[in-house]
Amino acid sequence: MMFEYFGYELEVPDHKIKDYTERFKVLAQDDLPEELYILRESIFTIMELIEMAPNLLDESKYYEEFTNALAMKEALFNNKVLHNA
């Protein structure tokens with residue numbers, strides 16, 4: 001899946017999104033609000049960091065972390081728990 005953020009085109013492998021979607025199903029099935037909150041905060045913290053300094057995406061470790069965060073965000077959306085709190 002392709003995403004565009006801050007002038008960068010980012011490819012997040014579909015298998016990564018699918019893997020996170022499967023792993024996060026428990027968040028949709030069980031009552032785990034604290035765990036869900038911590039995960040969402042971690043994802044959005046990474047996204048905010050890149051928003052403040054998009055040039056970090058030029059470094060492979062930040063690029064990898066950011067694409068992982070995008071995959072996790074998409075997985076939470078797929079499980080309909082992205083905006084639950």
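Residues numbered from 1 in each chain as written. Predicted model: local features only at pLDDT ≥ 70, side-chain atom pairs only at ≥ 80, totals over all residues. Heavy atoms only, no water.

A. Geometry of the pairing of strand E2 (residues 8–11). Relative to E2, strand E1 (residues 2–5) runs antiparallel, the two sharing four bridges. By the bridge assignment, Tyr-5 is partnered in E2 with Tyr-8. If you look at the hairpin formed by E1 and E2, you'll find two residues sitting between the two strands, and Phe-6 has a positive phi there, around 55°. (Pairing = 2+ DSSP bridges. Helix = DSSP H or I, 4+ residues; strand = E, 2+ residues; numbered from the N terminus.)

B. Molecular detail of helix H4 (residues 60–78). The first and last C-alpha atoms of H4 sit 27 Å apart over 19 residues, in line with the 27 Å expected at 1.5 Å per residue. In this structure, the buried side of H4 is in contact with E1, E2, helix H1 (14–23), helix H2 (25–29) and helix H3 (33–52). (Expected span 1.5 Å × (residues − 1). Contact = heavy atoms within 4.5 Å.)

C. Inspection of the environment of Gly-7 at higher detail. Examined against the element boundaries, Gly-7 turns out to sit in the loop between E1 and E2. Each C-alpha atom, one on Gly-7 and one on Pro-54, is 8.6 Å from the other, the two residues being 47 residues apart in sequence.

D. Inspection of unusual backbone geometry at higher detail. The backbone of Lys-80 sits at a positive phi, close to 60°, despite the residue not being glycine. Structurally, Lys-80 is set in the segment after H4. By relative accessible area, Lys-80 is classed as exposed at 68%. (Buried < 20%, exposed > 50% of the residue type's maximum accessible area, 1.4 Å probe, protein only.)

E. Representation of the packing of aromatic side chains within the structure. Within this structure, the stated rule accounts for three aromatic pairs. Considering the side-chain rings of Tyr-5 and Phe-66, the 5.6 Å spacing of their centres and the 85° angle between planes classify their relative orientation as edge-to-face. Of this pair, Tyr-5 sits in strand E1 while Phe-66 is found in helix H4, placing the two residues 61 residues apart along the sequence. Here a set of aromatic residues connected by ring pairs shows up, and it is made of Phe-3, Tyr-5 and Phe-66. (Phe/Tyr/Trp six-rings, centres within 6.5 Å; stacked < 30°, edge-to-face > 60°.)

F. Examining the confidence of the model for the protein more closely. Averaged over all residues, the pLDDT of the protein equals 91, while 98% of them reach at least 70. When the elements of the protein are averaged for pLDDT, H2 gives the smallest value, 83, and H1 the largest, 96. (pLDDT = per-residue confidence, 0-100.)

G. Focus on the environment of Lys-16. Summarising the element assignment, Lys-16 is placed in helix H1. Sequence separation of Lys-16 and Met-72 is 56 residues, and the distance between their C-alpha atoms is 8.5 Å. Filtering out sequence-adjacent residues up to four positions away, Lys-16 remains in contact with Glu-64, Thr-67, Asn-68 and Ala-71.

H. View of the packing of H1 against H4. Put simply, H1 and H4 touch, their axes get as near as 8 Å, and they point 50° apart. Judged on the interaxial angle alone, H4 and H1 are oblique. Where H1 crosses over H4, the two elements pack in a sense that is right-handed. Residues Lys-16, Ile-17, Tyr-20 and Thr-21 of H1 form the contact with H4, whose participating residues are Glu-64, Thr-67, Asn-68, Ala-71, Met-72, Glu-74, Ala-75 and Asn-78. When its residues are assigned to classes, the contact of H1 with H4 shows five nonpolar, four polar and three charged. (Axes fitted to C-alpha atoms, helices over the stretch in contact; angles between N-to-C directions. Parallel < 35°, antiparallel > 145°, perpendicular 65-115°, else oblique. Left-handed = near helix turned anticlockwise from the far one by under 90°. Nonpolar A, V, L, I, M, F, W, Y, C, P; charged D, E, K, R; others polar.)

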